[in-house]
Amino acid sequence: MEIKILQDILKSNKDVAGEIRQMLREKNVYMIDMMSSPGSGKTTLNDKIIGKLKEKYRIGVIEGDIKTTKDAERLAKHDIPIIQIETDRFGGDCHLESTWIKKCLEGFDLDKLDLIIVENIGNLVCPAEFEIGDDERMVVLSVTEGEDKPAKYPLMFNTCRTMVLNKIDLLPYLDYSMDELMKNLSNVNPGMKVIQVSATKGDGMDELITHISRNIDKKIGM
Ligand SMILES: Nc1nc2c(ncn2[C@@H]2O[C@H](COP(=O)(O)OP(=O)(O)OP(=O)(O)O)[C@@H](O)[C@H]2O)c(=O)[nH]1
Ligand SMILES: [Mg+2]
């Protein structure tokens, strides 16, 4: 008897990511895969992004966590469609896979959405390996995590198109070298788009909103 072993989990993930990309193209929906370490400020940013963009675009959110619906609850006030994935229910994975994203997309009415923001599970390692069929991979790094992260986690930083550097309001309290960060970043992803923000205080948020809007408009032709 031949025992078959799944050889390439990343390949099958990638195939489904391709199907998602096709589906989103047909439905004219822009999707962002937002990734970071735990606590860098993804949900805080999303709250602000949704607040600024929900009048212009029809937004849906996929919240990825190992456990709890806390982040989805934080965004519930916006009254937009939100689907929470709790990976603890099926093994506790530390990243989102394309098959689950596809399932979530089937739960939305894609004809009624322009933008989907996926908040991936807080982790700088595994989410970088799993494509989910998005239009923009966005990594959020907060200044309290140190300048060395692009050097230590290169896959995350060289597969993302944009880096949002968050919590810049804390810079006066830190011994932080922006030059050192930029040097580490340019070693793994020269020319990467970097937007410095404070999600809580609002600095830099206009630039981030303009960046996102421009990309959505480019895809969906507004
Ligand atoms: N000082 C400061 N704190 C911030 C900023 N953005 C987020 N925080 C705080 O950082 C903490 C974590 O923020 P979250 O938005 O929950 O981070 P997250 O990336 O969604 O976390 P996980 O979903 O657990 O990975 C909260 O206490 C936020 O208030 C910021 O720009 N400045
Ligand atoms: Mg969160």
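Everything discussed here concerns the structure shown above.
Reading the values: rules and limits
Residues numbered from 1 in each chain as written. Chains lettered and ligands numbered in written order. Predicted model: local features only at pLDDT ≥ 70, side-chain atom pairs only at ≥ 80, totals over all residues. Near = placed C-beta within 6 Å. Helix = DSSP H or I, 4+ residues; strand = E, 2+ residues; numbered from the N terminus. Nonpolar A, V, L, I, M, F, W, Y, C, P; charged D, E, K, R; others polar. Core = buried A, V, L, I, M, F, W, Y, C linked by C-beta atoms within 7 Å. Buried ≥ 20, exposed ≤ 12 C-beta atoms within 10 Å, placed from the backbone. Contact = placed C-beta atoms within 7 Å. Pairing = 2+ DSSP bridges. Axes fitted to C-alpha atoms, helices over the stretch in contact; angles between N-to-C directions. Parallel < 35°, antiparallel > 145°, perpendicular 65-115°, else oblique. Left-handed = near helix turned anticlockwise from the far one by under 90°.

Caption draft 1: Region of the structure containing the site of ligand 1. Of all residues adjacent to ligand 1, which total 17 residues, the nearest are Gly41, Lys42, Thr43, Thr44 and Gly122. The biggest single contributor to the shell around ligand 1 is helix H2 (residues 42-53), with three residues. Counted by class, the shell around ligand 1 contains three nonpolar, 10 polar and four charged residues.

Caption draft 2: Looking closely at the nonpolar core. Within the largest apolar cluster, 51 residues are counted, with the highest numbers of intra-cluster contacts made by Ile101, Ile117, Val118 and Val139. Considering each element in turn, this core owes the most residues, five residues, to strand S1 (residues 30-36). Once residues within four sequence positions are removed from consideration, Ile117 is found in contact with Ile32, Met34, Asn46, Ile49, Ile59 and Val61.

Caption draft 3: Structural context of the pairing of strand S7 (residues 193-196). Here four bridges tie strand S6 (residues 162-166) to S7, and the two strands are oriented parallel to one another. When the sheet's bridge partners are listed, Val164 is paired in S7 with Ile195.

Caption draft 4: Main features of the packing of helix H1 (residues 9-27) against helix H4 (residues 98-107). The contact between H1 and H4 brings their axes to 8 Å, and the two run at 30 degrees. Comparing their axes, H4 and H1 come out roughly parallel. Read as a crossing pair, H1 and H4 show a hand that is left-handed. Taken together, the residues of H4 that come into contact with H1 (itself represented by Asn13, Val16, Ala17, Glu19, Ile20 and Met23) are Ser98, Thr99, Ile101, Lys102 and Leu105. A per-class count over the contact of H1 with H4 returns six nonpolar, three polar and two charged.

Caption draft 5: Structural view of the sheet that holds S1. Pairing in this open sheet of seven strands is parallel, and the strands run S3-S2-S4-S1-S5-S6-S7 from one edge to the other. Either end of the sheet is taken by a strand with one partner, and the two such strands are strand S3 (82-86) and S7. Between one strand and the next, the sheet's axes are offset by a mean angle of 20 degrees, whatever the strand orientation. Sheet topology note: the S1/strand S5 (residues 136-142) ladder contains five bridges and is parallel. Its bridge partner being in S5, Asp33 is matched across the sheet by Arg137. Against the sheet, H4 contacts strand S2 (59-65), S3 and strand S4 (115-119), and its axis sits at roughly 150 degrees relative to S3.

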